Amino acid sequence: MSVAQIDLHVELKKYFGFSEFKGLQEDVIKNVVAGNNTFVIMPTGGGKSLCYQLPALIKEGTAIVVSPLIALMKNQVDAIRGVSENDGVAHVLNSSLNKTEVKRVKEDIRNGITKLLYVAPESLTKEEHVEFLRSVTISFMAVDEAHCISEWGHDFRPEYRNLRHIIKRIGDNIPIVGLTATATEKVQEDILKSLGIPNAVKFKASFNRPNLYYEVRPKTKNVDADIIRFVKQNEGKSGIVYCLSRKRVEELAQVLQVNGIKAVPYHAGLDAKTRVKHQDMFLMEDTDVVVATIAFGMGIDKPDVRFVIHHDIPKSIESYYQETGRAGRDGGEGHCLAYYAYKDIEKLEKFMAGKPVAEQEIGHALLQEVVAFSETSVSRRKFILHYFGEEFDNETGEGGDMDDNVRFPKPQKEAKDDVIK
Ligand code: ADP
Ligand code: MG
(Lines give C-alpha, C1' and ligand atoms only; values in the text may rest on other atoms or scores of the structure.)
(Ligands and ions follow the chains in the order given, each with its own letter.)
Protein backbone atom coordinates (compact mmCIF):
# COMPACT_ATOMS: atom_id res chain seq x y z
CA MET A 1 0.00 0.00 0.00
CA SER A 2 1.41 3.39 -0.91
CA VAL A 3 1.65 6.06 1.74
CA ALA A 4 -1.01 8.13 -0.04
CA GLN A 5 -3.63 5.42 0.45
CA ILE A 6 -3.09 5.04 4.16
CA ASP A 7 -6.03 5.93 6.39
CA LEU A 8 -4.44 7.86 9.22
CA HIS A 9 -7.36 7.27 11.59
CA VAL A 10 -6.97 3.53 11.19
CA GLU A 11 -3.24 3.75 11.91
CA LEU A 12 -3.87 6.01 14.91
CA LYS A 13 -6.28 3.50 16.38
CA LYS A 14 -4.06 0.54 15.57
CA TYR A 15 -0.88 1.87 17.13
CA PHE A 16 -2.07 4.23 19.85
CA GLY A 17 -5.66 3.25 20.54
CA PHE A 18 -6.94 6.83 20.05
CA SER A 19 -10.05 7.50 17.99
CA GLU A 20 -9.39 11.15 17.22
CA PHE A 21 -6.42 13.36 16.53
CA LYS A 22 -5.78 16.18 18.94
CA GLY A 23 -5.67 19.75 17.65
CA LEU A 24 -3.41 20.11 14.63
CA GLN A 25 -1.98 16.59 14.77
CA GLU A 26 -3.62 15.28 11.62
CA ASP A 27 -2.49 18.22 9.49
CA VAL A 28 1.03 17.97 10.86
CA ILE A 29 1.19 14.23 10.27
CA LYS A 30 0.01 14.52 6.66
CA ASN A 31 2.69 17.08 6.09
CA VAL A 32 5.43 14.96 7.64
CA VAL A 33 4.28 11.87 5.75
CA ALA A 34 4.50 13.92 2.55
CA GLY A 35 8.17 14.48 3.31
CA ASN A 36 8.11 18.23 3.95
CA ASN A 37 10.23 20.17 6.39
CA THR A 38 7.88 20.90 9.26
CA PHE A 39 7.86 23.15 12.31
CA VAL A 40 5.47 22.29 15.14
CA ILE A 41 4.76 24.66 18.01
CA MET A 42 2.38 23.28 20.60
CA PRO A 43 2.19 23.82 24.34
CA THR A 44 3.36 21.05 26.65
CA GLY A 45 0.85 18.23 26.67
CA GLY A 46 -0.37 19.21 23.19
CA GLY A 47 0.63 15.84 21.75
CA LYS A 48 3.79 16.62 19.80
CA SER A 49 5.32 13.12 20.06
CA LEU A 50 2.60 11.58 17.96
CA CYS A 51 3.39 14.08 15.18
CA TYR A 52 6.61 12.19 14.45
CA GLN A 53 5.85 8.75 15.93
CA LEU A 54 2.93 7.96 13.65
CA PRO A 55 4.67 9.11 10.44
CA ALA A 56 7.76 7.14 11.49
CA LEU A 57 5.71 3.96 11.87
CA ILE A 58 4.09 4.46 8.48
CA LYS A 59 7.03 5.57 6.37
CA GLU A 60 9.78 3.49 4.85
CA GLY A 61 13.10 3.64 6.67
CA THR A 62 14.10 4.80 10.12
CA ALA A 63 13.21 8.16 11.64
CA ILE A 64 15.88 9.69 13.83
CA VAL A 65 14.53 11.51 16.88
CA VAL A 66 16.84 13.91 18.65
CA SER A 67 15.84 14.52 22.23
CA PRO A 68 17.77 16.05 25.13
CA LEU A 69 16.60 13.87 27.98
CA ILE A 70 17.59 10.23 28.29
CA ALA A 71 14.77 9.48 30.76
CA LEU A 72 12.13 10.84 28.39
CA MET A 73 13.62 8.90 25.48
CA LYS A 74 13.41 5.65 27.44
CA ASN A 75 9.74 6.29 28.30
CA GLN A 76 8.90 6.87 24.67
CA VAL A 77 10.77 3.82 23.45
CA ASP A 78 9.00 1.63 25.99
CA ALA A 79 5.64 3.06 24.96
CA ILE A 80 6.30 2.44 21.26
CA ARG A 81 7.54 -1.08 21.90
CA GLY A 82 4.31 -1.74 23.73
CA VAL A 83 2.30 -1.21 20.54
CA SER A 84 4.38 -3.44 18.28
CA GLU A 85 5.13 -7.18 18.12
CA ASN A 86 8.77 -6.40 17.59
CA ASP A 87 10.99 -4.90 20.27
CA GLY A 88 13.34 -3.60 17.61
CA VAL A 89 10.74 -1.14 16.31
CA ALA A 90 12.24 1.57 18.54
CA HIS A 91 15.74 1.94 19.90
CA VAL A 92 17.82 4.42 21.84
CA LEU A 93 21.38 5.06 20.72
CA ASN A 94 23.44 6.63 23.45
CA SER A 95 26.66 6.31 25.37
CA SER A 96 25.18 3.92 27.93
CA LEU A 97 25.05 1.05 25.39
CA ASN A 98 27.86 -1.49 25.20
CA LYS A 99 29.35 -2.75 21.91
CA THR A 100 27.00 -5.73 21.59
CA GLU A 101 23.96 -3.54 22.17
CA VAL A 102 25.08 -0.99 19.60
CA LYS A 103 25.59 -3.81 17.12
CA ARG A 104 22.06 -5.10 17.70
CA VAL A 105 20.60 -1.61 17.21
CA LYS A 106 22.45 -1.17 13.94
CA GLU A 107 21.40 -4.60 12.70
CA ASP A 108 17.75 -3.82 13.37
CA ILE A 109 18.07 -0.54 11.51
CA ARG A 110 19.80 -2.16 8.54
CA ASN A 111 17.12 -4.87 8.40
CA GLY A 112 14.39 -2.25 8.26
CA ILE A 113 12.88 -3.30 11.58
CA THR A 114 13.57 -0.08 13.47
CA LYS A 115 11.15 2.73 12.69
CA LEU A 116 12.26 5.13 15.45
CA LEU A 117 15.79 5.73 16.61
CA TYR A 118 16.10 8.05 19.60
CA VAL A 119 19.45 9.77 19.98
CA ALA A 120 20.96 12.35 22.27
CA PRO A 121 22.64 15.08 20.22
CA GLU A 122 26.08 14.18 21.57
CA SER A 123 25.75 10.62 20.21
CA LEU A 124 25.43 12.12 16.76
CA THR A 125 28.86 13.66 17.03
CA LYS A 126 30.38 10.17 16.96
CA GLU A 127 31.91 9.62 13.56
CA GLU A 128 31.15 5.89 13.45
CA HIS A 129 27.44 6.54 14.11
CA VAL A 130 27.24 9.23 11.44
CA GLU A 131 29.01 6.97 8.94
CA PHE A 132 26.55 4.20 9.72
CA LEU A 133 23.46 6.40 9.45
CA ARG A 134 24.68 7.69 6.07
CA SER A 135 24.49 4.14 4.76
CA VAL A 136 20.87 3.34 5.69
CA THR A 137 17.43 4.69 4.75
CA ILE A 138 16.37 7.57 6.97
CA SER A 139 12.73 8.59 6.63
CA PHE A 140 13.10 11.96 8.38
CA MET A 141 14.77 13.63 11.28
CA ALA A 142 12.73 14.92 14.21
CA VAL A 143 14.30 17.44 16.57
CA ASP A 144 12.23 17.42 19.75
CA GLU A 145 12.54 20.25 22.29
CA ALA A 146 14.01 22.23 19.39
CA HIS A 147 14.23 25.41 21.50
CA CYS A 148 17.36 23.86 23.05
CA ILE A 149 19.09 25.15 19.92
CA SER A 150 18.43 28.80 20.85
CA GLU A 151 20.13 30.96 23.40
CA TRP A 152 16.85 32.84 23.64
CA GLY A 153 15.11 29.70 24.82
CA HIS A 154 14.79 28.72 28.45
CA ASP A 155 16.92 25.61 28.07
CA PHE A 156 19.80 26.28 25.69
CA ARG A 157 22.04 23.27 25.06
CA PRO A 158 25.28 23.80 23.16
CA GLU A 159 25.17 20.22 21.79
CA TYR A 160 22.12 21.23 19.74
CA ARG A 161 24.10 23.90 17.88
CA ASN A 162 25.81 21.47 15.55
CA LEU A 163 22.73 19.55 14.52
CA ARG A 164 22.28 21.12 11.13
CA HIS A 165 25.78 20.24 10.11
CA ILE A 166 25.39 16.66 11.30
CA ILE A 167 22.02 16.18 9.63
CA LYS A 168 23.54 17.39 6.36
CA ARG A 169 26.27 14.80 6.70
CA ILE A 170 23.79 11.99 7.33
CA GLY A 171 21.88 12.96 4.22
CA ASP A 172 21.40 16.08 2.13
CA ASN A 173 17.72 15.69 1.49
CA ILE A 174 16.43 14.31 4.76
CA PRO A 175 13.21 16.09 5.76
CA ILE A 176 13.50 17.82 9.13
CA VAL A 177 10.75 18.18 11.71
CA GLY A 178 11.37 20.63 14.54
CA LEU A 179 9.09 20.55 17.60
CA THR A 180 8.89 22.87 20.58
CA ALA A 181 6.61 24.28 23.25
CA THR A 182 8.36 27.63 23.16
CA ALA A 183 6.44 30.13 21.15
CA THR A 184 8.38 33.39 21.16
CA GLU A 185 9.25 34.84 17.75
CA LYS A 186 12.93 35.09 18.61
CA VAL A 187 13.23 31.40 19.49
CA GLN A 188 11.20 30.36 16.44
CA GLU A 189 13.45 32.34 14.11
CA ASP A 190 16.51 30.87 15.76
CA ILE A 191 15.22 27.32 15.38
CA LEU A 192 14.40 27.68 11.68
CA LYS A 193 17.72 29.34 10.96
CA SER A 194 19.81 26.95 13.02
CA LEU A 195 18.16 23.88 11.53
CA GLY A 196 18.48 25.38 8.07
CA ILE A 197 14.78 25.02 7.24
CA PRO A 198 13.58 28.61 6.62
CA ASN A 199 10.72 27.39 4.45
CA ALA A 200 9.40 24.71 6.77
CA VAL A 201 5.62 24.44 6.92
CA LYS A 202 4.67 25.90 10.26
CA PHE A 203 1.93 24.62 12.58
CA LYS A 204 1.26 26.62 15.70
CA ALA A 205 -1.38 25.70 18.26
CA SER A 206 -2.85 28.23 20.66
CA PHE A 207 -1.01 28.63 23.96
CA ASN A 208 -4.11 29.68 25.83
CA ARG A 209 -4.78 27.65 28.96
CA PRO A 210 -8.34 28.80 29.72
CA ASN A 211 -8.67 26.85 32.99
CA LEU A 212 -5.66 28.51 34.64
CA TYR A 213 -6.22 31.54 36.86
CA TYR A 214 -3.26 33.95 36.93
CA GLU A 215 -2.55 36.15 39.91
CA VAL A 216 0.44 38.23 41.02
CA ARG A 217 0.67 39.56 44.56
CA PRO A 218 3.20 42.02 45.88
CA LYS A 219 5.85 40.23 47.92
CA THR A 220 6.11 41.48 51.45
CA LYS A 221 7.84 40.05 54.50
CA ASN A 222 4.59 38.20 55.22
CA VAL A 223 4.92 36.07 52.14
CA ASP A 224 5.31 32.80 54.07
CA ALA A 225 2.19 33.45 56.14
CA ASP A 226 0.33 34.34 52.96
CA ILE A 227 1.38 31.07 51.33
CA ILE A 228 0.33 29.09 54.43
CA ARG A 229 -3.08 30.74 54.34
CA PHE A 230 -3.47 29.99 50.64
CA VAL A 231 -2.45 26.34 51.02
CA LYS A 232 -4.78 25.86 53.98
CA GLN A 233 -7.66 27.32 52.00
CA ASN A 234 -6.86 24.63 49.42
CA GLU A 235 -6.47 21.78 51.84
CA GLY A 236 -6.11 18.32 50.35
CA LYS A 237 -5.31 19.67 46.90
CA SER A 238 -2.01 19.06 45.13
CA GLY A 239 0.29 22.00 44.53
CA ILE A 240 3.85 23.04 43.75
CA VAL A 241 5.65 25.98 45.36
CA TYR A 242 8.69 27.17 43.40
CA CYS A 243 11.58 28.94 45.14
CA LEU A 244 14.77 30.25 43.64
CA SER A 245 17.28 28.74 46.07
CA ARG A 246 17.70 25.33 47.66
CA LYS A 247 18.02 26.97 51.04
CA ARG A 248 14.66 28.71 50.67
CA VAL A 249 13.12 25.41 49.52
CA GLU A 250 14.29 23.67 52.69
CA GLU A 251 13.17 26.51 54.94
CA LEU A 252 9.76 26.93 53.41
CA ALA A 253 9.05 23.19 53.33
CA GLN A 254 9.78 23.14 57.03
CA VAL A 255 7.62 26.17 57.74
CA LEU A 256 4.72 24.51 55.95
CA GLN A 257 5.25 21.24 57.83
CA VAL A 258 5.34 23.03 61.17
CA ASN A 259 2.01 24.57 60.22
CA GLY A 260 0.44 21.18 59.71
CA ILE A 261 0.71 21.07 55.93
CA LYS A 262 1.87 17.91 54.17
CA ALA A 263 4.88 19.26 52.28
CA VAL A 264 8.23 17.90 51.06
CA PRO A 265 11.28 19.64 49.59
CA TYR A 266 12.75 18.91 46.16
CA HIS A 267 15.97 20.27 44.68
CA ALA A 268 19.09 19.02 42.92
CA GLY A 269 21.10 19.12 46.14
CA LEU A 270 19.12 16.22 47.62
CA ASP A 271 20.41 12.73 46.93
CA ALA A 272 18.76 10.80 44.12
CA LYS A 273 16.91 8.46 46.48
CA THR A 274 15.27 11.30 48.38
CA ARG A 275 14.34 13.08 45.17
CA VAL A 276 12.64 9.98 43.77
CA LYS A 277 10.91 9.38 47.10
CA HIS A 278 9.53 12.91 47.32
CA GLN A 279 8.44 12.90 43.70
CA ASP A 280 6.64 9.57 44.21
CA MET A 281 5.00 10.87 47.39
CA PHE A 282 3.60 13.73 45.34
CA LEU A 283 2.37 11.45 42.57
CA MET A 284 0.85 8.98 45.07
CA GLU A 285 -0.70 11.82 47.10
CA ASP A 286 1.19 11.04 50.27
CA THR A 287 2.08 14.70 50.29
CA ASP A 288 -0.01 17.64 49.14
CA VAL A 289 2.72 20.12 48.39
CA VAL A 290 6.17 19.95 46.85
CA VAL A 291 8.36 22.94 47.62
CA ALA A 292 10.93 22.93 44.84
CA THR A 293 13.50 24.62 42.71
CA ILE A 294 13.03 24.48 38.96
CA ALA A 295 14.76 21.08 39.09
CA PHE A 296 11.26 19.75 39.73
CA GLY A 297 8.72 19.36 36.98
CA MET A 298 10.24 18.38 33.63
CA GLY A 299 8.59 15.16 32.58
CA ILE A 300 6.30 15.00 35.60
CA ASP A 301 2.79 14.45 34.39
CA LYS A 302 0.42 14.78 37.34
CA PRO A 303 -2.91 15.78 35.86
CA ASP A 304 -4.56 17.23 38.97
CA VAL A 305 -2.06 19.80 40.25
CA ARG A 306 -4.46 22.48 41.52
CA PHE A 307 -2.03 25.32 42.22
CA VAL A 308 1.46 26.49 41.32
CA ILE A 309 2.91 29.18 43.57
CA HIS A 310 6.01 31.19 42.71
CA HIS A 311 7.57 32.31 45.96
CA ASP A 312 10.17 33.98 43.74
CA ILE A 313 9.40 35.39 40.34
CA PRO A 314 10.96 33.34 37.47
CA LYS A 315 13.63 34.67 35.14
CA SER A 316 11.50 34.76 32.00
CA ILE A 317 7.90 34.65 30.85
CA GLU A 318 8.61 31.30 29.23
CA SER A 319 9.79 29.80 32.50
CA TYR A 320 6.70 31.22 34.18
CA TYR A 321 4.48 29.74 31.48
CA GLN A 322 6.16 26.31 31.60
CA GLU A 323 6.04 26.14 35.38
CA THR A 324 2.47 27.38 35.78
CA GLY A 325 1.55 25.06 32.92
CA ARG A 326 1.95 22.12 35.29
CA ALA A 327 -1.32 23.14 36.96
CA GLY A 328 -4.67 21.91 35.70
CA ARG A 329 -3.43 19.48 33.05
CA ASP A 330 -6.75 17.64 33.38
CA GLY A 331 -8.64 20.76 32.40
CA GLY A 332 -9.80 21.34 35.98
CA GLU A 333 -9.04 24.24 38.27
CA GLY A 334 -5.47 25.58 38.30
CA HIS A 335 -4.51 28.62 40.38
CA CYS A 336 -1.21 30.27 39.48
CA LEU A 337 -0.03 32.64 42.17
CA ALA A 338 3.25 34.54 41.92
CA TYR A 339 4.85 36.87 44.45
CA TYR A 340 6.68 39.82 43.01
CA ALA A 341 9.17 42.30 44.44
CA TYR A 342 11.51 44.36 42.30
CA LYS A 343 14.26 43.43 44.73
CA ASP A 344 14.05 39.86 43.40
CA ILE A 345 14.62 41.09 39.86
CA GLU A 346 17.80 42.79 41.03
CA LYS A 347 18.85 39.54 42.64
CA LEU A 348 18.36 37.71 39.34
CA GLU A 349 20.34 40.42 37.55
CA LYS A 350 23.19 39.89 39.99
CA PHE A 351 23.30 36.15 39.26
CA MET A 352 24.14 36.96 35.66
CA ALA A 353 27.04 39.24 36.54
CA GLY A 354 29.86 36.80 35.71
CA LYS A 355 28.37 35.57 32.44
CA PRO A 356 29.37 36.54 28.88
CA VAL A 357 28.01 39.94 27.82
CA ALA A 358 25.73 38.52 25.12
CA GLU A 359 24.14 36.19 27.62
CA GLN A 360 23.67 39.01 30.11
CA GLU A 361 21.92 41.12 27.51
CA ILE A 362 19.51 38.32 26.69
CA GLY A 363 18.91 37.66 30.37
CA HIS A 364 18.25 41.32 30.99
CA ALA A 365 15.77 41.61 28.13
CA LEU A 366 13.89 38.55 29.35
CA LEU A 367 13.74 39.96 32.87
CA GLN A 368 12.31 43.25 31.65
CA GLU A 369 9.36 41.32 30.27
CA VAL A 370 8.88 39.67 33.65
CA VAL A 371 8.83 43.12 35.28
CA ALA A 372 6.28 44.35 32.74
CA PHE A 373 4.12 41.27 33.32
CA SER A 374 4.27 41.57 37.09
CA GLU A 375 3.51 45.29 37.14
CA THR A 376 0.90 45.39 34.41
CA SER A 377 -2.71 46.16 35.12
CA VAL A 378 -4.00 44.67 31.88
CA SER A 379 -5.07 41.04 31.64
CA ARG A 380 -2.25 38.64 32.52
CA ARG A 381 -3.56 36.13 30.01
CA LYS A 382 -3.58 38.77 27.29
CA PHE A 383 -0.02 39.69 28.20
CA ILE A 384 1.26 36.11 28.10
CA LEU A 385 -0.46 35.30 24.82
CA HIS A 386 0.77 38.55 23.30
CA TYR A 387 4.28 37.59 24.34
CA PHE A 388 3.79 34.34 22.41
CA GLY A 389 2.55 36.19 19.34
CA GLU A 390 -1.17 35.60 19.84
CA GLU A 391 -3.81 38.31 20.02
CA PHE A 392 -6.32 37.55 22.76
CA ASP A 393 -9.70 39.18 23.22
CA ASN A 394 -10.88 38.98 26.82
CA GLU A 395 -14.50 39.51 25.80
CA THR A 396 -14.69 36.58 23.43
CA GLY A 397 -11.65 34.43 24.26
CA GLU A 398 -11.85 31.36 26.47
CA GLY A 399 -10.77 32.11 30.03
CA GLY A 400 -11.02 35.84 29.39
CA ASP A 401 -11.92 36.66 33.00
CA MET A 402 -9.46 34.27 34.61
CA ASP A 403 -6.89 36.63 36.07
CA ASP A 404 -6.61 39.13 38.90
CA ASN A 405 -6.41 42.23 36.71
CA VAL A 406 -9.61 41.37 34.88
CA ARG A 407 -11.55 40.27 37.96
CA PHE A 408 -10.35 43.10 40.16
CA PRO A 409 -9.33 45.99 37.90
CA LYS A 410 -6.94 48.53 39.37
CA PRO A 411 -8.00 52.19 39.52
CA GLN A 412 -8.04 53.82 36.08
CA LYS A 413 -5.25 56.29 36.84
CA GLU A 414 -2.69 53.55 37.38
CA ALA A 415 -4.01 51.47 34.55
CA LYS A 416 -3.52 53.99 31.80
CA ASP A 417 0.27 53.96 32.25
CA ASP A 418 0.36 50.31 31.32
CA VAL A 419 0.85 49.51 27.71
CA ILE A 420 1.48 46.08 26.30
CA LYS A 421 4.39 46.20 23.93
P1 ADP B 1 3.97 17.15 24.25
O2 ADP B 1 5.23 16.46 23.77
O3 ADP B 1 3.40 18.09 23.25
O4 ADP B 1 4.15 17.79 25.58
P5 ADP B 1 2.97 14.47 24.43
O6 ADP B 1 3.37 14.00 23.09
O7 ADP B 1 3.83 14.04 25.56
O8 ADP B 1 2.85 16.06 24.44
O9 ADP B 1 1.45 14.05 24.67
C10 ADP B 1 0.75 14.46 25.80
C11 ADP B 1 -0.33 13.46 26.14
O12 ADP B 1 -1.37 13.49 25.18
C13 ADP B 1 0.16 12.03 26.18
O14 ADP B 1 -0.33 11.42 27.35
C15 ADP B 1 -0.41 11.40 24.93
O16 ADP B 1 -0.63 10.02 25.08
C17 ADP B 1 -1.70 12.16 24.77
N18 ADP B 1 -2.20 12.20 23.38
C19 ADP B 1 -1.48 12.52 22.29
N20 ADP B 1 -2.24 12.44 21.17
C21 ADP B 1 -3.46 12.08 21.57
C22 ADP B 1 -4.71 11.82 20.87
N23 ADP B 1 -4.81 11.97 19.55
N24 ADP B 1 -5.75 11.44 21.62
C25 ADP B 1 -5.66 11.31 22.97
N26 ADP B 1 -4.53 11.53 23.68
C27 ADP B 1 -3.45 11.90 22.99
MG1 MG C 1 7.22 16.35 24.20
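In the block above lies the structure referred to throughout.
Cut-offs and rules
- Residues numbered from 1 in each chain as written.
- Chains lettered and ligands numbered in written order.
- Predicted model: local features only at pLDDT ≥ 70, side-chain atom pairs only at ≥ 80, totals over all residues.
- Heavy atoms only, no water.
- Helix = DSSP H or I, 4+ residues; strand = E, 2+ residues; numbered from the N terminus.
- Rg over C-alpha atoms; globule rule 2.2 N^0.38 Å.
- Buried < 20%, exposed > 50% of the residue type's maximum accessible area, 1.4 Å probe, protein only.
- Areas by Shrake-Rupley, 256 points an atom, 1.4 Å probe, with all protein chains shown as cover.
- Near = heavy atom within 4 Å.
- Polar contact = N/O pair within 3.5 Å; in protein donor to acceptor, adjacent residues only side chain to side chain.
- Core = buried A, V, L, I, M, F, W, Y, C linked by side-chain atoms within 4.5 Å.
- Contact = heavy atoms within 4.5 Å.
- Salt bridge = Lys/Arg side-chain N within 4 Å of Asp/Glu carboxyl O.
- Pairing = 2+ DSSP bridges.
- Axes fitted to C-alpha atoms, helices over the stretch in contact; angles between N-to-C directions.
- Parallel < 35°, antiparallel > 145°, perpendicular 65-115°, else oblique.
- Nonpolar A, V, L, I, M, F, W, Y, C, P; charged D, E, K, R; others polar.

Peer 1: Is there a simple way to think about the overall build of the protein in this case?
Peer 2: Along its length, the protein carries 17 helices and 13 strands. For 421 residues, the compact-globule formula gives about 22 Å, and the C-alpha radius of gyration of the protein, at 23 Å, lands near that figure. A total of 421 residues make up the protein; the buried ones form 54% of that total. For the protein, the accessible area works out to roughly 19,900 Å², and carbon and sulfur atoms hold 51% of it.

Peer 1: Explain the site of ligand 1 to me, please; I cannot follow it from the model alone.
Peer 2: Taken together, the neighbourhood of ligand 1 is formed by Phe-18, Glu-20, Phe-21, Lys-22, Gln-25, Pro-43, Thr-44, Gly-45, Gly-46, Gly-47, Lys-48 and Ser-49. Within the side chain of Lys-22, a nitrogen or oxygen atom sits 2.9 Å from an oxygen atom of ligand 1. At 2.9 Å from a nitrogen atom of ligand 1 is found a side-chain nitrogen or oxygen belonging to Gln-25. When the free accessible area of ligand 1 is taken as 570 Å², the share hidden by the protein chains comes to 66%.

Peer 1: I tried to follow the nonpolar core on my own but got confused; where do I start?
Peer 2: Of all hydrophobic cores here, the largest spans 73 residues; its most connected members are Leu-124, Leu-133, Ile-170 and Phe-296. Tallying contributions element by element places helix H14 (residues 357-375) first for this core, with six residues. Not counting the four nearest positions on each side in its chain, Leu-133 is found in contact with Ile-64, Leu-117, Leu-124, Ile-138 and Ile-170. Ile-29, Val-89, Leu-116 and Phe-140 belong to the second-largest nonpolar core, a separate cluster that totals 36 residues.

Peer 1: Would you mind showing me how to read the pattern of salt bridges here?
Peer 2: If the charged atoms of two oppositely charged side chains come close together, the side chains can form a pair. This model, assessed by the stated rule, comprises 24 salt bridges. The residue Glu-333 makes a salt bridge to Lys-237 at a minimum N-O spacing of 3.4 Å. Of this pair, Glu-333 sits in the loop between helix H12 (317-324) and strand E13 (334-340) while Lys-237 is found in the loop between helix H9 (223-233) and strand E9 (238-242), placing the two residues 96 residues apart along the sequence. The exposure class assigned to Glu-333 is partly exposed, which follows from its relative accessible area of 39%.

Peer 1: Is there a simple way to explain the environment of Glu-235 in this structure?
Peer 2: Mapping Glu-235 onto the fold places it in the loop between H9 and E9. The sequence separation of Glu-235 and Val-289 amounts to 54 residues, and the corresponding C-alpha distance is 10.0 Å.

Peer 1: How do you make sense of the sheet that holds strand E7 (residues 201-204) when you look at a structure like this?
Peer 2: Remark on secondary structure: sheet strands pair via backbone hydrogen bonds, oriented parallel or antiparallel. Spatially, the seven strands line up as an open sheet ordered E3-E4-E2-E5-E6-E1-E7, and their pairing is parallel. If you trace the sheet from one side to the other, it starts and ends with strand E3 (90-93) and E7, each paired once. Strand-to-strand twist of the sheet, defined as the mean angle between neighbouring strand axes without regard to direction, takes the value 20°. Sitting on the sheet, helix H4 (residues 70-82) touches E3 and strand E4 (116-119), and the angle it makes with E3 is about 160°. This element, helix H8 (residues 185-195), spans strand E1 (38-41), strand E5 (138-143), strand E6 (176-180) and E7 of the sheet and lies at about 155° to E1.

Peer 1: What exactly am I supposed to notice about the packing of helix H6 (residues 127-134) against helix H7 (residues 163-170) here?
Peer 2: Each pair of packed helices gets described by two things: the angle between the helix axes and the distance between those axes. Between H6 and H7, the shortest axis-to-axis distance is 8 Å and the interhelical angle comes to 45°. Overall, the two elements H6 and H7 adopt an arrangement that is oblique. On H7, the residues that touch Glu-127, Val-130, Glu-131, Leu-133 and Arg-134 of H6 are Ile-166, Arg-169 and Ile-170. The residue inventory of the contact of H6 with H7, partitioned by class, reads four nonpolar, no polar and four charged.

Peer 1: Would you explain unusual backbone geometry in this entry?
Peer 2: Phi is mostly negative for residues that are not glycine, and the peptide bonds are mostly trans. Look at Glu-145: it is not a glycine, yet its phi comes out positive at around 50°. When you line up the elements, Glu-145 lands in the loop between E5 and H7. Relative accessible area serves as the criterion here: at 19%, Glu-145 is assigned to the buried category. Positive phi values are uncommon outside glycine, yet Glu-285 reaches one of about 65°. Assignment of secondary structure puts Glu-285 in the loop between helix H11 (272-283) and strand E11 (289-292).

Peer 1: Please explain the environment of Asp-226 as it appears in this structure.
Peer 2: On the secondary structure map, Asp-226 appears in helix H9. Here Arg-229 takes part through its side chain, which lies 3.1 Å from a polar atom of the side chain of Asp-226.

Peer 1: Explain the pairing of E5 to me, please; I cannot follow it from the model alone.
Peer 2: Every other side chain in a regular strand lies on the same face of the sheet, so the side chains alternate between the two faces. Within E5, six of the six residues are buried, which leaves the element mostly enclosed by the surrounding structure. Sheet analysis places strand E2 (residues 62-66) next to E5, joined by four bridges and oriented parallel. If you follow Val-66 over to E5, its bridge partner there is Val-143. Sheet topology note: the E5/E6 ladder contains three bridges and is parallel. Looking across to E6, one finds that Val-143 is bridged to Gly-178.

Peer 1: Looking at this structure, I do not really get the pairing of E1. What am I missing?
Peer 2: Judged by which residues are buried, E1 turns out to be covered on both faces: Thr-38 and Val-40 on one side and Phe-39 and Ile-41 on the other are all buried. When E1 meets E6, the two strands line up parallel, connected through four bridges. Considered in E6, the bridge of Thr-38 is made with Val-177.

Peer 1: Would you take a moment to explain H9 for this structure?
Peer 2: Owing to its 3.6 residues per turn, the α-helix aligns residues three or four sequence positions apart on the same side. Taken as a whole, H9 has its buried residues at Val-223, Asp-224, Asp-226, Ile-227, Ile-228, Phe-230 and Val-231. In this structure, the buried residues of H9 make contact with strand E8 (212-218), E9, helix H10 (246-258), E11, strand E12 (305-310) and E13.

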